[in-house]
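Read off the chains here:
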Amino acid sequence: MSNIDKNKLPVHIGFIMDGNGRWAQKRGLPRKMGHREGASAFRRIARYCKKIGIKYITFYAFSTENWKRPADEVNELMRLFKEYLDEVEKYAEDKTRLIFLGDKSAFGREMAEKMTQLEESSRDFDEMTLMLAMNYGGRDDIVHAIKRIVSMSDSKEISCSDINESLVSSLLYTGGIPDVDLIIRPSGEKRISNFLIWQSAYAELYFTDTLWPDFTANELDKALADFAERSRRFGGV
Ligand code: FPP
């Protein structure tokens, strides 16, 4: 990291944690073992981002489509999420703000309450904000915002002329958080898969063949060096 100009670091990085299943299959292990290793990579990369001063990080942990996976795999992911929620609760001194993107109610009352409580208790931490996209879909995020706009319109809080991009942005699950600057997708796939679709309008994309469980700080440094070289014009010249 030492040779990257701090001013050229992204403010907000999104990670699509892909390749866990293949990591396990390559070793003759059940897919869920890949998720376990993936959860370790998540902790490792979150810690490293904090160390180097990244302000906002978002991890795609579970999509609105992932419920279709075999029960055994979904159960293991839920177990990993619960384990992490307990861990965060114990280590509040980590001073990281936590936000969950997506409809929490799908995780059941107990877990949803814990998620809300962690968001509330970490609200004032400003060193780094960690967002976990869980039961998240970019299209669902936009539909959710549209429903809120319609209900605000029904109650005469807003009229048609008040609807603009900044209103929509503010009503997404990421309301108030800067748009993502860099999206990193490991495992060789080159698509966005319904992750932060509105928020990534001007994001730089970085793809690598490394599988997520093998993703290291060194690999992130490579992505950051690549990002620092890009010329971002946001539609200008
Ligand atoms: C996609 O890889 C990955 C997921 C659907 C789950 C990602 C979740 C984790 C890494 C756990 C995170 C844990 C915490 C505590 C936040 P895949 O299984 O589809 O990979 P494949 O394409 O190789 O099959």
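Here the residue index of a chain counts from 1 through its sequence in written order. Under the rules for a predicted model, residues below a pLDDT of 70 receive no local features and side-chain atom pairs below 80 are neither given nor counted, while totals for whole chains, interfaces and linings still include all residues. Hydrogens and water are ignored here; the side-chain numbers use all heavy atoms of the structure.

Caption draft 1: Structural view of the environment of Ala41. A run of H or I in DSSP becomes a helix once it reaches four residues, and a run of E becomes a strand once it reaches two; helices and strands are each numbered from the N terminus. Looking at where Ala41 falls in the secondary structure, it is placed in helix α2 (residues 31-52). Exposure classes here rest on a 1.4 Å probe applied to the protein chains alone. A residue is buried below 20% of its type maximum, exposed above 50%, and partly exposed in between. Take Ala41: its relative accessible area is 0%, and that puts it in the buried class. Residues Ala41 and Asp124, spaced 83 residues apart in sequence, show a C-alpha to C-alpha distance of 26 Å. Excluding its chain neighbours within four sequence positions, the residues that come into contact with Ala41 are Trp212, Pro213 and Phe215. Working rule for contacts: check all heavy atoms of both residues, and any pair within 4.5 Å makes them a contact.

Caption draft 2: Inspection of helix α7 (residues 217-229) at higher detail. To estimate how far a helix should extend, the number of its residues minus one is multiplied by 1.5 Å. The end-to-end C-alpha distance of α7, which contains 13 residues, comes to 19 Å, matching closely the 18 Å that a straight helix rising 1.5 Å per residue would cover. Of all the residues in α7, the buried ones are Glu219, Leu220, Asp221, Ala223, Leu224, Phe227 and Ala228. Buried residues along α7 sit against β1 (12-16), α2, β5 (182-185) and β6 (204-207).

Caption draft 3: Inspection of the site of the ligand at higher detail. Only a single heavy atom is needed: when it lies within 4 Å of a molecule or strand, its residue is near that molecule or strand. Neighbouring residues of the ligand: 19 residues in total, closest Met17, Arg22, Arg31, His35 and Arg69. Definition of a polar contact: a pair of N or O atoms within 3.5 Å, with one able to donate and the other able to accept a hydrogen when the atoms are protein atoms, and with sequence-neighbouring residues admitted only if both atoms are side-chain atoms. Contact between the ligand and Arg22: an oxygen atom at 2.7 Å from a main-chain N or O atom of the residue. The protein chains shown are the only cover counted for residues, whose accessible areas, like all others here, come from Shrake-Rupley with a 1.4 Å probe. Relative to its unbound accessible surface of 630 Å², the ligand loses 92% to contact with the protein. Of all the elements in the fold, those that place two or more residues in the shell around the ligand are α1 (20-26), α2 and α3 (71-90). When residues in the shell around the ligand are grouped by element, the largest group, five residues, is from α2. Residues of the shell around the ligand, tallied by class, amount to nine nonpolar, six polar and four charged. Residues are grouped as follows: Ala, Val, Leu, Ile, Met, Phe, Trp, Tyr, Cys and Pro are nonpolar; Asp, Glu, Lys and Arg are charged; all remaining types, including Gly, are polar.

Caption draft 4: Inspection of the pairing of strand β3 (residues 96-101) at higher detail. Taken across its six residues, β3 has five buried, putting it largely inside the fold. Should DSSP find at least two bridges between two strands, the strands are regarded as paired. Bridge count for β3 against strand β4 (residues 128-136) is six bridges, and the pairing is parallel. Across the sheet, the residue bridging to Leu101 is Ala133, located in β4.

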